[in-house]
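# Observations on the model geometry
One letter stands for each residue in the lines below.
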Amino acid sequence: IAAEKVEREREEEAIAAEKVEREREAAAISAEQKRVQSITNERNQRAILTSRLQVDVKVRALEAEKRANKEAEEQAKKVMMAEAVLVAALEQEEKEKAAALEQEAEAKAIRIEEAVKASKALNAELERKQRYLFETRLQLEAAEKEKAANAAEAKRVMKAEAILVAALEQEAKEKAAA
């Protein structure tokens, strides 16, 4: 009887030790999962912040470029207006002065055409940058969706872990009862 009692106590100690070990393992798994989730969250946050900063920088650059384009267009308008005044003055000038002024007007027209071409090129570049900005915003939205998916996965893992711990406890109780 004493031997049986000693044997039973040893079994109970073994079960208790096994339970403690399972709890340690479950706690270690939980801590590791939390650490991994924390690292994932930090990376996602950094990626989002980096993307936002990049978008802000690009937006500022685009705004500056728009201002430069507007100034160039205003300058082109001023040049065109000046050319119109010059043409009117050329009609009133003497024939000798008219020839010299016409040459000057042609040079200005070439510069205006070059300014218009430059303006068109700047507009094309602006459109390209706006498309890039749109794509960057889409990437930012995708990163945010990925972050939400990661959070859902973490919740699912934690729920599964809770179910596993409960099952282990139930199994230990059943063994203890048996």
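Refer to the structure above for everything that follows.
Residues numbered from 1 in each chain as written. Predicted model: local features only at pLDDT ≥ 70, side-chain atom pairs only at ≥ 80, totals over all residues. Heavy atoms only, no water.

### Comments concerning the overall build of the protein chain
Within the protein chain, the secondary structure is distributed over 2 helices and 0 strands. Taken over C-alpha atoms, the radius of gyration comes to 39 Å for the protein chain, far larger than the 16 Å a tight globule of 178 residues would show. Considering only C-alpha atoms, the protein chain reaches an extent of 140 × 15 × 15 Å along its principal axes. Looking at the protein chain as a whole, 15% of its 178 residues qualify as buried. In the protein chain, once contacts between residues fewer than 6 apart in sequence are set aside, the share between residues at least 24 apart is 85%. Within the structure as shown, the protein chain displays about 13900 Å² of accessible surface, and the carbon and sulfur contribution to it stands at 56%. The averaged location of the 39 negative side-chain charges in the protein chain is 2 Å from the averaged location of its 35 positive side-chain charges. (Helix = DSSP H or I, 4+ residues; strand = E, 2+ residues; numbered from the N terminus. Rg over C-alpha atoms; globule rule 2.2 N^0.38 Å. Buried < 20%, exposed > 50% of the residue type's maximum accessible area, 1.4 Å probe, protein only. Contact = heavy atoms within 4.5 Å. Areas by Shrake-Rupley, 256 points an atom, 1.4 Å probe, with all protein chains shown as cover. Lys, Arg positive; Asp, Glu negative; His and termini not counted. Charge placed at Lys NZ, Arg CZ, Asp CG, Glu CD.)

### Let's talk about the side chain of Asn69
In this fold, Asn69 is placed in helix 1 (residues 2-92). Among residues more than four places away in sequence, those in contact with Asn69 are Leu122, Asn123 and Leu126.

### Remarks on empty space enclosed by the protein
Counting across every chain of the model gives 1 cavity of 30 Å³ or more. Volume-wise, the largest cavity comes out at about 40 Å³. In terms of lining, the largest cavity is formed by Ile15, Glu18, Lys19, Arg22, Ala172 and Lys175. Broken down by element, the residue count for the lining of the largest cavity peaks at 4 residues, all from helix 1. Looking at the lining of the largest cavity residue by residue, the class counts come to 2 nonpolar, no polar and 4 charged. (1 Å grid on protein atoms, 1.4 Å probe; cavity = no way out; pocket = protein on both sides within 12 Å on 5 of 7 lines; lining within 4 Å. Points joined across faces, edges and corners; volume = space filled by probe spheres on them. Nonpolar A, V, L, I, M, F, W, Y, C, P; charged D, E, K, R; others polar.)

### Regarding the layout of surface pockets
As a volume, the largest pocket reaches approximately 200 Å³. Lining the largest pocket, in full, are Ser30, Gln33, Lys34, Val36, Gln37, Thr40, Asn150, Glu153, Ala154, Val157, Met158 and Glu161. Here the residues of the lining of the largest pocket are counted per class, giving 4 nonpolar, 5 polar and 3 charged.

### A few points about the side chain of Glu83
Its place among the elements puts Glu83 in helix 1. There is no salt bridge for the buried Glu83, and the closest opposite charge comes from Lys108, which lies 8.6 Å off by N-O distance. Ignoring any residue separated from it by four or fewer positions in sequence, one finds Glu83 in contact with Ala105, Ala109 and Ile112. (Salt bridge = Lys/Arg side-chain N within 4 Å of Asp/Glu carboxyl O.)

### Re the pattern of salt bridges
Taken as a whole and assessed by the stated rule, the structure comprises 13 salt bridges. With a shortest N-O distance of 2.8 Å, Arg35 and Glu32 are connected by a salt bridge. Of the two residues, Arg35 and Glu32 both sit in helix 1, 3 residues apart, roughly one turn of that helix. For Arg35, a relative accessible area of 45% translates into the label partly exposed. In this structure, the salt-bridge partner of Glu125 is Lys129, at a minimum N-O distance of 4.0 Å. With a gap of 4 residues between them, Glu125 and Lys129 both fall in helix 2 (residues 95-177), about one helical turn apart. For Glu125, a relative accessible area of 27% corresponds to the partly exposed category. Several salt bridges share partner residues, and in doing so they unite Glu18, Arg22, Glu171 and Lys175 into one network.

### Regarding a negative patch on the surface
Together, Glu7, Glu9, Glu11, Glu12 and Glu13 make up a region of like negative charge exposed at the surface. Along the chain, the position of Glu7 falls in helix 1. (Patch = residues over 30% accessible without salt bridge, like charges linked within 9 Å, V, L, I, M, F, W, Y side chains within 5 Å.)

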